[in-house]
Amino acid sequence: MSIVASLIGFNLLILIHELGHFVAGRLVGLRAECVSVGFGPAVLSWVTPGTEYRLGCLPIGGYVRFPNARFTKP
């Protein structure tokens, strides 16, 4: 039971951390392409206009993917 509780707590911390990246990006005008908690194939995902939200099958991290504005063509 303590392993499950630890994974839930760890993923909650990851979610809060990635939410900070998401909010900071939005404040400077970036659109997030994907927000994921966990890696690997998606267990659960949903799409809003412009952003995909995912829950990955490996609960060991997360990411927020922003478009790479430096290498896009005008």
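Coordinates for the structure precede this section.
Residues numbered from 1 in each chain as written. Predicted model: local features only at pLDDT ≥ 70, side-chain atom pairs only at ≥ 80, totals over all residues. Heavy atoms only, no water.

**Observations regarding the overall build of the chain**
Right, so step 1: When helices and strands are counted, the chain shows one helix and two strands.
Right, so step 2: Taking all 74 residues of the chain together, the buried fraction comes to 22%.
Right, so step 3: Taking all contacts inside the chain whose residues are at least 6 apart in sequence as the whole, residues at least 24 apart take part in 42%.
Right, so step 4: Accessible surface, the chain: about 5500 Å² in total, of which carbon and sulfur atoms supply 71%. (Helix = DSSP H or I, 4+ residues; strand = E, 2+ residues; numbered from the N terminus. Buried < 20%, exposed > 50% of the residue type's maximum accessible area, 1.4 Å probe, protein only. Contact = heavy atoms within 4.5 Å. Areas by Shrake-Rupley, 256 points an atom, 1.4 Å probe, with all protein chains shown as cover.)

**As for the packing of aromatic side chains**
Right, so step 1: Inspection of the entire model under this criterion finds three aromatic pairs.
Right, so step 2: Considering the side-chain rings of Trp46 and Tyr53, the 5.8 Å spacing of their centres and the 20° angle between planes classify their relative orientation as stacked.
Right, so step 3: Judged by relative accessible area, which is 45%, Trp46 ranks as partly exposed.
Right, so step 4: Among the residues examined, Tyr53 registers a relative accessible area of 21% and is labelled partly exposed.
Right, so step 5: Members of the aromatic cluster, each reached through a chain of ring pairs, are Phe22, Trp46 and Tyr53. (Phe/Tyr/Trp six-rings, centres within 6.5 Å; stacked < 30°, edge-to-face > 60°.)

**Looking at a nonpolar patch on the surface**
Right, so step 1: A surface patch of nonpolar side chains, about 490 Å² in accessible area, is lined by Leu19, Val23, Leu27, Val28 and Leu30.
Right, so step 2: Its place among the elements puts Leu30 in the loop between α1 (2-27) and β1 (34-48). (Patch = residues over 30% accessible without salt bridge, like charges linked within 9 Å, V, L, I, M, F, W, Y side chains within 5 Å. Salt bridge = Lys/Arg side-chain N within 4 Å of Asp/Glu carboxyl O.)

**Quick look at the environment of Pro59**
Right, so step 1: For Pro59, the position within the fold is in strand β2 (residues 51-65).
Right, so step 2: Separated by 48 residues in the primary sequence, Pro59 and Asn11 place their C-alpha atoms 6.6 Å from one another.

**Comments concerning the state of the cysteines**
Right, so step 1: Under the criterion given, the structure shown has zero disulfides.
Right, so step 2: Cys34 forms no disulfide, and the closest cysteine sulfur to it belongs to Cys57, at a distance of 14 Å.
Right, so step 3: Judged by its relative accessible area of 0%, Cys34 is buried. (Disulfide = S-S within 2.5 Å.)

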